[in-house]
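# Per-entry structural report
One-letter residues, chain by chain:
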Amino acid sequence: EMCGRDWSSDVCSSDLLTQWRRTLNKPDILQIGPYPSWDVEALEKSFTLHRYFEAPDKSAFVAERADRIRGIATRGELGADRDLIASLPNLEVISVYGVGFDAVDLDAARLRGIRVTNTPDVLTKDVADLGVAMMLAAARGIVGAEAWVRSGDWAKKGLYPLQSRVHGKRAGILGLGRIGFEIAKRCVAFDMDIAYSDLEAREFAKDWAFIQDPEDLAARSDFLFVTLTGGPATRHVVNQPVLEALGPEGMIINVSRASNIDETALLDALQNNTLGFAALDVFEGEPNLDPRFLELNNLLLQPHHASGTIETRKAMGRLVRENLEAHFAGRDLPTPVL
């Protein structure tokens with residue numbers, strides 16, 4: 001039908017036949033959330049994408065395609081829960097666009113032998129860059145100072161109120177993994193006194209103080225960076241006692257997972273000024289924030305974009321695709337979680 005003649009005819013080019021065969025063999029992938037256009041175009045060359053995020057009735061959308069879906073392409077904050085995994089009887093692989101995979105039900109995937117991958121390393125330095133940028137912007141009042149100029153207050157009222165220095169201060173890193181390590185390296189450049197908390201002291205961090213208890217780390221810190229992985233083990237590890245230990249002059253910066261901080265305790269501490277300041281890139285229920293976040297002025301809010309550079313997002317998308325392609329070709333997965 002594509003040629004209007006028999007398939008053996010020389011009118012049908014080998015390229016057209018190859019394209020037709022590839023179309024027939026493209027694995028069906030459930031795409032949970034939107035990706036940049038360059039990633040979608042690349043994925044569609046190898047896979048048939050089903051856009052879950054565009055469906056008004058998601059249950060019906062999945063039910064109509066359940067038997068065909070062999071893979072899930074998702075994002076770190078969206079994941080794939082137990083019910084979704086259970087609804088796809090032929091699911092083989094879940095590829096996460098992001099380093100965090102706590103929103104994927106790993107137990108459900110493990111029981112079915114479903115492979116799970118993520119995109120580590122490629123976003124590490126961008127996330128560290130934003131974490132340090134948030135510290136600098138918040139400490140030096142950069143956002144407010146720019147508004148001071150634009151509003152005409154500089155001309156009307158004079159100099160902007162004095163802010164706090166960063167260099168020479170005490171930085172605490174809660175979770176010295178890839179991102180935490182990169183943040184600590186950047187803090188070294190500001191002559192900061194660095195301490196960290198982790199499961200155990202790290203050989204590669206001998207020049208930095210190891211303080212295992214998060215509350216003790218907070219008490220020692222002017223700036224506390226939260227760089228832990230997410231999940232049940234770290235849920236609300238930053239609680240009221242930790243926030244109180246950080247104190248009314250302290251600042252918390254979160255570029256990890258919202259679940260690592262007790263948001264109610266955080267908002268109470270900010271409102272009561274028992275915590276000085278918070279700079280946050282992640283929130284429970286995002287993008288729908290607790291309204292109190294928008295009412296407080298001792299906050300710097302960012303839209304979960306720590307990895308949001310063109311270079312890193314292209315690398316993340318490429319790794320999502322490479323993991324899926326490797327799985328369906330029977331090759332080793334580049335970055336497996338399960």
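Since this is a predicted model, take the numbers as computed values, not measurements.

The rules behind these values
- Residues numbered from 1 in each chain as written.
- Predicted model: local features only at pLDDT ≥ 70, side-chain atom pairs only at ≥ 80, totals over all residues.
- Heavy atoms only, no water.
- Buried < 20%, exposed > 50% of the residue type's maximum accessible area, 1.4 Å probe, protein only.
- Helix = DSSP H or I, 4+ residues; strand = E, 2+ residues; numbered from the N terminus.
- Arc of directions from axis to C-beta.
- Contact = heavy atoms within 4.5 Å.
- Pairing = 2+ DSSP bridges.
- Right-handed = clockwise from strand over helix to strand, strands pointing away.
- Axes fitted to C-alpha atoms, helices over the stretch in contact; angles between N-to-C directions.
- Parallel < 35°, antiparallel > 145°, perpendicular 65-115°, else oblique.
- Left-handed = near helix turned anticlockwise from the far one by under 90°.
- Nonpolar A, V, L, I, M, F, W, Y, C, P; charged D, E, K, R; others polar.

### Some remarks on helix H2 (residues 37–46)
Three or more residues of H2 are buried, namely Asp39, Val40, Ala42 and Leu43. For H2, the angular spread of the buried residues around the axis is 165 degrees, confining them to a single face. For H2, exposure combined with an orientation more than 90 degrees from the buried face picks out Ser37, Glu41 and Lys45. Next to the buried residues of H2 lie strand S1 (28–31), strand S2 (48–51), strand S4 (93–97) and helix H14 (310–328).

### Quick look at the pairing of S4
Counting buried positions along S4 gives 5 out of 5 residues, so the element sits mostly inside the fold. The side-chain alternation of S4 yields two buried faces, one formed by Val93, Ser95 and Tyr97 and the other by Ile94 and Val96. Both strand S3 (residues 69–75) and S4 contribute to a ladder of 5 bridges, which runs parallel. Across the sheet, residue Gly71 finds its bridge partner in S4, namely Val93. One ladder, built from 3 bridges, connects S4 with strand S5 (residues 115–117); its direction is parallel. Considered in S5, the bridge of Ser95 is made with Thr117. Note that the unit made of S4, helix H5 (residues 106–112) and S5 has a crossover that is right-handed.

### Some words on the packing of H2 against H14
In helix packing, the relevant descriptors are the interaxial angle and the interaxial distance, both defined with respect to the helix axes. Running from N to C, H2 and H14 cross one another at 15 degrees; their axes reach a closest spacing of 10 Å. The pairing of H2 with H14 is recorded here as roughly parallel in orientation. In the crossing of H2 with H14, the sense of the turn from one axis to the other is right-handed. Facing H2, whose interface residues are Trp38, Asp39, Ala42, Leu43 and Ser46, H14 presents Ile310, Arg313, Lys314, Gly317, Arg318, Arg321, Leu324 and Glu325. For the contact of H2 with H14, a count of residues per class yields 5 nonpolar, 2 polar and 6 charged.

### With respect to the sheet that holds strand S8 (residues 209–210)
Judged by pairing direction, the sheet is parallel, and its 7 strands sit side by side in the order S8-S7-S6-S9-S10-S11-S12 without closing on themselves. Edge strands, defined here as strands with exactly one partner in the open sheet, are S8 and strand S12 (299–301). For strand S6 (residues 170–174) and strand S9 (residues 223–226), the ladder comprises 4 bridges, and the chain directions are parallel. Residue pairing in the sheet places Ile173 in a bridge with Phe225 of S9. On the sheet, helix H6 (residues 124–139) packs against S9, strand S10 (251–254), strand S11 (277–280) and S12 and is oriented at approximately 150 degrees with respect to S10.

### A short note on the sheet that holds S5
Neighbouring strands of a sheet are bound in pairs by backbone hydrogen bonds; such pairs are parallel or else antiparallel. The sheet built from 5 strands is open, its strands ordered S2-S1-S3-S4-S5 with parallel pairing. In this open sheet, the two strands that pair with only one neighbour each are S2 and S5. Averaged over all pairs of adjacent strands, the angle between strand axes in this sheet comes to 20 degrees, irrespective of strand direction. Bridge count for S1 against S2 is 4 bridges, and the pairing is parallel. Each residue of the ladder has a partner; that of Ile29, found in S2, is Leu49. Most of the contacts of helix H3 (residues 58–65) go to S2, to which it runs at about 155 degrees, and overall it touches S1, S2 and S3. The strands touched by H14 are S1, S3, S4 and S5; relative to S4, the strand with the most contacts, the crossing angle is about 170 degrees.

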